[in-house]
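# Examination of the molecular architecture
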Amino acid sequence: MTQTIVTQKLAGQPVGRRLKITGFALPDDVHQRLLEMGLAIGMECTVARYAPLGDPMELKIRGYSLSLRLTEAEGVHVEAHH
Amino acid sequence: MTATFELEPPPSRNNPHRSVESVRTVAIAGNPNSGKSTLFNALTGLRQKVGNYPGVTVEKKIGRFRGSHGEPLDLLDLPGTYSLQTRSPDEAIARDALLGRLADTPQPDVILCVVDATNLERNLYLVAQMAELGLPLVVGLNMIDLAEGNGMAIHAARLSKGLGCPVIPCVASQSKGLVELRQAITRQLDGQAPHRAPLPKPLEEAALTLGEVLVREQELDPRFALAEALLLITATGHAVANLSGNPRALLERARQTVNEAGLDRLSAAIHARYAWVHQLAAEAVTSRTGDGASISDRLDAWLTHKIWGWVFFLGVMTLMFFMVFQLAEIPMDWIQAGQTGLINWVQSVMPAGDFRDLLTSGIISGVGTVVTFLPQILILFFFIGLLEDTGYLARAAFIIDRLMSRVGLHGKSFVPMLSSFACAIPGIMATRTIDNPKDRLATILVAPLVSCPARLPVYSLMIAVLLPMGFSSWDKAGIMLAMYLFSIIAAFGMAWVFRKTLFKGERSLFLLEMPPYRRPSLGVTVQRMWERSVVFLRRAGTIILSVSVIIWALSTYPKPANPDATPAQTLAGSAAGKLGHIFEPLIKPLGYDWKVGVGIISSFAAREVFVGTMSVMYSVQNGDENLPALRKAMLAEKHPNGAPVFTPLVCIGLMVYYVLAMQCLSTVAVVRRETNSWKWPLFQIGYMSLLAWAGAFLVFQIGHLFGFS
């Protein structure tokens, strides 16, 4: 079965879509801090909401809610998870 | 140092001869929002001592409690942290305290790690790191009632078996589970190290090898060998800058070994720990019936809504501001009335003289100044406690972060900035809610620029002098409003400048946990209000009082030779008067004469004193109440060349000066207290004075160029 996986950025993903983290393109220290907050390649997450002004965004991951700015979310790569 | 306590507990019944030196230390660690401080307070009550770690802004709190045999134990409160891999000097305190690296902080015998049971997996990550330290561990499974309420059943015994240490369910806010916690702590005082996450073989071997060398060459405690080595191998960038020579070379080799084994040294240990705790959590959580977050989600749909989110946000902030601004007025008036009453009483029972003046104008006024701030501090911290405990503070930061980040501030800078309109003192104390030290410092640096009510008397006087009698109160209000807008622009502008200069290249990271909405606990909030007030009175109060006395002395001595000298002559002949003359060349380019200089010097402690000094200088009785008389006297004042002193440009310039200048000693004392150094308050006085001078200079000189006077 062939499957096309389109890697996208976390920033801008629609609310409620189930996502899977596929990679990071961030400075080392920011990357490490995100890992420590529970993000990881292969981890599932969903976008809970965006702030009224569109930034930051709130993410559901490992059973809790984390908000982060779009600047950082630009560096988190995701794919739609089924 | 830690042996001195305000409230020394009575000697132990079991062992009355136990010496103070033998008191063992328990360190309490945990994520922010885990209820760590609540548990600390529940265990120690009011038997705590607040101090500072050298060189950083975090507070050092040590409390005394009793183990299950009645033995006294010291509880060391560590700053909330998500990880031991720290990224700032402030965060490093938790790690260094645990590793026994801090000179005057005792090495902990046991770690009590507080875990938010409703967010088990993410919280267990820190436990996994603590476990690597090789110290006996006790896990406090806090907020177990909420987890159960969410339909989550946690099998504590199973988790305890997996971790290899006691896991005690508790509810810190209701003091539940404390007996069991004390028992576990006492048991663990000489207990074993817990289990730890299995690391990838190459990483573990590299860390153990490096650890051995560190123990041998750097006299590292062997228990910490693995943890230290892991921290070094997995550190980013500058974190290992202080390592040199052989260990440095070995570290490079260890990193290389890890890389050659196909592991990413930055992430391998983190993945291994999460894999471990994920497994442990999966085994321990026996049922997960409800969806715990759903109530919070439903609330958030409204509270962070594009329109209703703003309505609620503005409502909450307006209410808080109104309370701090208006409600605090009532007790502040009482304090002022009490102060006046006391002064009158002293004047009626004591013979006139220097000592009576020192008491009334120096000490009672100084103490009065300190105490007047208390109502605002109490009310603000009541609100902040409520906002933090309910979880709304995180939402407020979420909503407003976009705007604040434009000038390089943080979403959590909003409440401190807003509070500063009422008073910079509680505002600066409120920056405590900002975790990132750089964001916190930037907020502290600009908060005193926000126009506070102490400037109002100065504005009123200068507006009265500026506008002829015929102008309506609308014109006056317009000028007042302009000054407020100017102060907001100045505060945000300087925040932007600092972000581009002082904190250049520092990425401001906004990673905020959004805790579920919770019911606040009144006891916790009241304790926090009490704690803040005591810290303010003790630390800032002493500075404010002593400088009040110094300023009183400066404007009283030396005494005039002629005993019939008027108050104006006395002031002119005093040290403050002479300083006014000395500083005259400096303020001449602003259009001021030496009398204005005396006003500025005397109001260094508090801006509103300017009006009082002016009325003394112009021999107007009760100038602050008799504005027309003072206005007339000031308008009549001439330079030696016959030109009037208080031209419109000078009046506007003075208002601009008072918007920008740090003419508030209490703020200086609080910044000193909150940043734990004289460096930042001195820098702040420096930059604000410079800004104020430049502002007044530009108004006066550019105004002249355009033909105004």
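Residues numbered from 1 in each chain as written. Chains lettered and ligands numbered in written order. Predicted model: local features only at pLDDT ≥ 70, side-chain atom pairs only at ≥ 80, totals over all residues.

## Digging into the overall build of chain A
Using the following cut-off: Under the scheme used here, helices are H or I runs from DSSP no shorter than 4 residues and strands are E runs no shorter than 2 residues, and both carry numbers assigned from the N terminus. Put simply, the radius of gyration uses C-alpha atoms, and a globule should come to 2.2 Å times the residue count raised to 0.38. Whether a residue is buried, exposed or partly exposed follows from its count of other C-beta atoms within 10 Å of its own C-beta, namely 20 or more, 12 or fewer, or something in between, respectively; the C-beta atoms are built from the backbone. By the convention adopted here, residues make contact when the C-beta atoms placed from their backbones lie within 7 Å.
If you tally the helices and strands in chain A, you get two helices and six strands. What you see in chain A, going N to C, is helices and strands ordered as β-β-α-β-β-β-α-β. Taking 12 Å as the expected radius of gyration for a compact globule of 82 residues, we find that chain A reaches 12 Å, a close match to that expectation. Taking the principal axes of the C-alpha coordinates as reference, chain A spans close to 40 × 30 × 20 Å. Put simply, chain A has 82 residues, and 48% of those count as buried. Looking at chain A alone, contacts between residues at least 24 apart form 59% of all its contacts between residues at least 6 apart.

## Looking at the overall build of chain B
Secondary structure assignment for chain B yields 30 helices and 10 strands. By the compact-globule yardstick of 27 Å for 709 residues, chain B fits well, its C-alpha radius of gyration being 30 Å. With the principal axes as the frame, chain B shows a C-alpha extent of 90 × 60 × 55 Å. Within chain B, the proportion of its 709 residues that are buried is 48%. For chain B, long-range pairs separated by at least 24 residues make up 72% of all intrachain contacts whose partners lie at least 6 apart in sequence.

## Points about the interface of chain A and chain B
For interface size, the figure often reported is the accessible area lost on association. For the record, the criterion: One bridge is not enough; two strands pair if DSSP finds at least two bridges between them.
Listed by partner, the interface residues are 27 residues for chain A and 33 residues for chain B. If you list the elements that add at least two residues to the side of chain A that touches chain B, you get helix 1 (28-36) and strand 5 (64-68) of chain A. Here the element with the most residues in the side of chain A that touches chain B is helix 1 of chain A; it accounts for eight residues. Sheet topology note: the strand 5 of chain A/strand 10 (residues 511-513) of chain B ladder contains three bridges and is antiparallel. Paired with A:Leu66 across the bridge in strand 10 of chain B is B:Glu513.

## Here we look at the pairing of strand 6 (residues 76-80) of chain A
With two bridges connecting them, strand 1 (residues 8-9) of chain A and strand 6 of chain A associate as antiparallel partners. Bridged to A:Gln8 within strand 6 of chain A is A:Val78.

## Description of the nonpolar core
All names here are of chain B. Our working definition: Nonpolar cores are identified as sets of buried Ala, Val, Leu, Ile, Met, Phe, Trp, Tyr and Cys residues joined via C-beta atoms within 7 Å.
Ranked by internal contacts, the top residues of the largest apolar core, which has 233 residues, are Ile28, Ile111, Cys113, Val139 and Met655. A per-element tally of this core places helix 28 (residues 648-660) first, with 11 residues. Setting aside anything within four residues of it in sequence, one finds Met655 in contact with Val458, Tyr459, Met462 and Met483.

## Some details on the sheet that holds strand 4 (residues 57-61) of chain A
Within the open sheet, the seven strands sit side by side as 1(A)-6(A)-2(A)-3(A)-4(A)-5(A)-10(B). Their pairing is antiparallel. At either margin of the open sheet sits one strand with a lone partner, and together these are strand 1 of chain A together with strand 10 of chain B. Where strand 2 (residues 18-24) of chain A meets strand 6 of chain A, five bridges bridge the pair, whose relative direction is antiparallel. If you follow A:Ile21 over to strand 6 of chain A, its bridge partner there is A:Val78.

## Quick word on the sheet that holds strand 6 (residues 137-142) of chain B
All names here are of chain B. Selection rule: Helix axes use the C-alpha atoms of the stretch in contact, all axes being lines fitted to C-alpha atoms, and the angles between their N-to-C directions lie in the range 0 to 180 degrees.
Spatial ordering of the open sheet is given by 2-3-4-1-5-6-8, a layout of seven strands whose pairing is mixed. Each edge of the sheet is formed by a strand with only one pairing partner; in this case those strands are strand 2 (48-52) and strand 8 (167-169). Here the strands of the sheet are splayed against their neighbours by 25 degrees on average, with no regard to which way each runs. The strands touched by helix 5 (residues 156-163) are strand 6 and strand 8; relative to strand 8, the strand with the most contacts, the crossing angle is about 155 degrees.

## Description of the pairing of strand 2 of chain A
As judged from the three bridges shared by strand 2 of chain A and strand 3 (residues 44-50) of chain A, these two strands associate in the antiparallel manner. Bridging across to strand 3 of chain A, A:Leu19 finds its partner in A:Cys45.

## Thoughts on unusual backbone geometry
Of note, the bond from A:Asp55 into A:Pro56 is cis; its omega dihedral lies within 30 degrees of zero at 0 degrees. Its place among the elements puts A:Pro56 in the loop between strand 3 and strand 4. Cis geometry marks the peptide bond from B:Tyr557 to B:Pro558, where omega comes out at -10 degrees. Here B:Pro558 lies in the loop between helix 22 (522-554) and helix 23 (567-573). Here B:Ser175, not a glycine, exhibits a phi torsion of approximately 55 degrees, which is positive.

## Details of the domain arrangement of chain B
What counts is decided by this rule: Segment limits for the domains were obtained from an automatic or database-derived domain assignment.
Taken as a whole, chain B is organised into domain 1 (20-188), domain 2 (201-262), domain 3 (308-538) and domain 4 (539-705). A straight line from the C-alpha centre of domain 1 of chain B to that of domain 4 of chain B covers 50 Å.

## Structural notes on helix 6 (residues 178-188) of chain B
Residues of helix 6 of chain B that are buried: B:Leu181, B:Arg182, B:Ala184, B:Ile185, B:Thr186 and B:Gln188. For helix 6 of chain B, the secondary structure elements touched by its buried residues are strand 1 (24-30), strand 3 (59-66), strand 4 (72-77), strand 5 (110-116), strand 6 and strand 8 of chain B.

## What about the packing of helix 22 of chain B against helix 29 (residues 665-675) of chain B?
All names here are of chain B. For clarity, the cut-off: Helix crossings are classified by the rotation of the near helix relative to the far one: an anticlockwise turn of less than a right angle makes the crossing left-handed, while a clockwise turn makes it right-handed. When residues are grouped by polarity, Ala, Val, Leu, Ile, Met, Phe, Trp, Tyr, Cys and Pro land in nonpolar, Asp, Glu, Lys and Arg in charged, and all others, Gly among them, in polar.
Interhelical geometry of helix 22 versus helix 29 gives an angle of 145 degrees and a closest axis separation of 9 Å. Between helix 22 and helix 29 lies a crossing whose hand is right-handed. For the pair helix 22 and helix 29, contact is made by Arg539, Ala540, Ile543, Ile544 and Val547 and by Leu665, Ser666, Ala669, Val670, Arg672 and Arg673, respectively. Class assignment for the residues of the contact of helix 22 with helix 29 results in seven nonpolar, one polar and three charged.

## Notes on the environment of B:Ile652
All names here are of chain B. Relative to the assigned elements, Ile652 resides in helix 28. Between the alpha carbons of Ile652 and Met483 there is a distance of 9.6 Å; along the sequence they are 169 residues apart. Aside from chain neighbours lying at most four places away, what touches Ile652 is Leu466 and Val699.

## Let's talk about the packing of helix 15 (residues 374-390) of chain B against helix 22 of chain B
Residues and elements named next belong to chain B. Under the convention used in this document: Orientation is classified from the angle alone, with under 35 degrees giving roughly parallel, over 145 giving roughly antiparallel, 65 to 115 giving roughly perpendicular, and any other angle giving oblique.
Orientation of helix 15 relative to helix 22, taken along the N-to-C sense of each, is 140 degrees, at an axis distance of 9 Å. One way to sum up the angle between helix 15 and helix 22 is to call them oblique. For helix 15 against helix 22, the interelement crossing comes out right-handed. Between helix 15 and helix 22, the residues in contact are Leu374, Ile377, Leu378, Phe381, Phe382, Gly385, Leu386 and Asp389 and Val524, Thr525, Arg528, Met529, Arg532, Ser533 and Phe536, respectively.

## Concerning the confidence of the model for chain B
Residue and element names in this part refer to chain B. The criterion, for reference: Residue-level confidence of the predictor is what pLDDT reports, using numbers from 0 through 100.
On average, residues of chain B score 87 in pLDDT, and 94% of them are at 70 or above. In the predicted structure, residues 1-20 sits below a pLDDT of 50 and forms 23 contacts with residues beyond four places in sequence or in another chain. Two numbers describe this predicted complex: its pTM, 0.85, and its ipTM, 0.94.

## Section: the environment of B:Val611
Here B:Val611 is to be found in helix 26 (residues 609-617). B:Val611 sits 11 residues away from B:Ile600 along the chain, and the two C-alpha atoms are 9.9 Å apart.

## Things to note about the environment of A:Gly63
Relative to the elements of secondary structure, A:Gly63 occurs in the loop between strand 4 and strand 5. The partly exposed category is assigned to A:Gly63, around which 17 C-beta atoms lie within 10 Å. For the pair A:Gly63 and A:Glu36, spaced 27 residues apart in sequence, the C-alpha separation works out to 15 Å. Aside from chain neighbours lying at most four places away, what touches A:Gly63 is B:Asn119 and B:Glu121.

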